[in-house]
Structures are given as structure tokens and as C-alpha cells.
Amino acid sequence: MLQRLTIILALTLCCCNLKAQQGLHINEVFLGRIVPQKQMVEVKVKGKAVSKYRLSYYHSVRFGADKPQIDTIEGLINKDMAGSEQVSRSKSTLIFSLPKAGKNNRYLCYLKKKVGYSAIITLVYMEGQVESIAELRKLIK
């Protein structure tokens, strides 16, 4: 009985996680289709653990990527960023808003640290009641 309950809970969480980023081009990266998932460090957080940041869901992946992978990832990001009203860009960081999911605002953060011909990439998908990128920056500092 406990095993069955555990499986049902795992499937429910899995479905919720897939739904959160559904429809985004960058989801291909989170699903391990550009860089294998076994090469990623992945963090998923829901509920109370992120509520103090006014978020309901946080999902990040960190991995090493070569030039072709970087080009593919940046192409996907540019497709998702098209039409975004809020964009914050610096030398190595890009944060932009995505279309709302119900009542939740959604954001994608892309960090790239060059290492020779490759890079360490961190992608973070967040959703919640945060109203702007400026507010998001204040909350996560």
C-alpha cells in the first residue's frame, strides 16, 4: 500500500512539473534532450520552501555545454523571449518574463560562464506571485 501511494505521489509531482514548463521551447533542455540529464545538476522546489520568495515553483538545471549545445540553447531561449515585456540582461545573465500560467507570473533566468570553448550553463524557471524582475532580484539576493 505504501509503495502504491509513493508511486502515485511521484507520478503526480512529475505531471505537475511537466505542466509548469509545458509549451516552452526551453523545456527541451529541462527534459534532457539537448544535454543528457545525467550530466545535469537539477533542483526542483515547490510549496513552502519557496513561498517566502513569493514563488510557488522553482526548477533549475546546471551543466557543462559545448558550442553547438550553447547555440541550440540560446536559439530556444530567443524563441521563448520573443514578445516578452520584461527583460533584464547583463554580460553573463539574462532574465525575462514568460506568459502567465493562470494567476502565476513566470520567469526564466539564463546564466552562462565561459570556460574555454565550452560553458557552464544554469537555467532557472520560476513561477509565482512576484510582479517584476526587479522584485525577483530583490527577493533572491
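Residues numbered from 1 in each chain as written. Predicted model: local features only at pLDDT ≥ 70, side-chain atom pairs only at ≥ 80, totals over all residues. Heavy atoms only, no water.

(A) Region of the structure containing helix α4 (residues 67-81). Here α4 contains 15 residues, and its C-alpha end-to-end distance of 21 Å stays within 8% of the 21 Å for a straight helix at 1.5 Å per residue. Buried residues of α4: Q69, I70, I73, L76, I77, D80 and M81, and no others. Projected down its long axis, α4 shows its buried positions confined to an angular sector of 135 degrees, all on one face. Exposed residues lying more than 90 degrees from the buried face of α4 are P68 and K79. At its buried positions, α4 is contacted by α2 (27-30), β2 (55-65), β3 (87-89), β4 (93-101), β5 (104-115) and β6 (118-128). At the exit of α4 stands G83, carrying a positive phi of roughly 85 degrees. (Helix = DSSP H or I, 4+ residues; strand = E, 2+ residues; numbered from the N terminus. Expected span 1.5 Å × (residues − 1). Buried < 20%, exposed > 50% of the residue type's maximum accessible area, 1.4 Å probe, protein only. Arc of directions from axis to C-beta. Contact = heavy atoms within 4.5 Å.)

(B) Region of interest: unusual backbone geometry. At R54, a residue that is not glycine, the phi angle is positive and equals roughly 65 degrees. Structurally, the position occupied by R54 is in the loop between α3 (48-51) and β2.

(C) Here's a closer look at the layout of surface pockets. Roughly 230 Å³ of internal volume is contained in the largest pocket. Around the largest pocket, the lining residues are E74, I77, N78, R89, S90, K91, S92, T93, L94, Y110, K112 and K114. For the lining of the largest pocket, the secondary-structure elements that each account for two or more residues are α4, β4 and β5. Residues that form the lining of the largest pocket fall into these classes: three nonpolar, four polar and five charged. (1 Å grid on protein atoms, 1.4 Å probe; cavity = no way out; pocket = protein on both sides within 12 Å on 5 of 7 lines; lining within 4 Å. Points joined across faces, edges and corners; volume = space filled by probe spheres on them. Nonpolar A, V, L, I, M, F, W, Y, C, P; charged D, E, K, R; others polar.)

(D) The nonpolar core, seen in detail. The biggest cluster of nonpolar side chains holds 24 residues, and the ones touching the most others in it are I26, F63, I77 and L123. At the level of secondary structure, the elements contributing two or more residues to this core comprise α2, β2, α4, β4, β5 and β6. The biggest single contributor to this core is α4, with five residues. Counting 10 residues, the second-largest nonpolar core is a separate cluster that includes L55, C109, M126 and L136. (Core = buried A, V, L, I, M, F, W, Y, C linked by side-chain atoms within 4.5 Å.)

(E) Region of interest: the sheet that holds strand β1 (residues 41-46). Read across the sheet, six strands follow the order β1-β2-β6-β5-β4-β3 without closing on themselves; strand pairing throughout is antiparallel. Looking at which strands have only one partner, the edges of the open sheet turn out to be β1 and β3. With direction set aside, neighbouring strand axes in the sheet form an average angle of 10 degrees. The sheet contact formed by β1 and β2 spans six bridges and is antiparallel. Directly across from K44, in β2, lies its bridge partner H59. Across the sheet, α4 lies against β2, β3, β4, β5 and β6, angled at about 155 degrees from β5, the strand it touches most. (Pairing = 2+ DSSP bridges. Axes fitted to C-alpha atoms, helices over the stretch in contact; angles between N-to-C directions.)

(F) Expanded view of the pattern of salt bridges. Overall, the coordinates contain five salt bridges when judged by the stated rule. The shortest N-O distance in the salt bridge between R54 and E135 comes to 2.2 Å. Of this pair, R54 sits in the loop between α3 and β2 while E135 sits in helix α5 (residues 133-140), and the two are 81 residues apart along the sequence. (Salt bridge = Lys/Arg side-chain N within 4 Å of Asp/Glu carboxyl O.)

(G) Representation of the pairing of β4 in the model. As paired elements, β3 and β4 share three bridges and run antiparallel to each other. Note on β4: the bridge partner recorded for R89 is L94. Taking the residues between adjacent antiparallel strands as the criterion, β3 and β4 are bridged by three residues. Between β4 and β5, which pair antiparallel and follow one another directly, the connecting turn spans two residues, one of which, G102, has a positive phi of 65 degrees.

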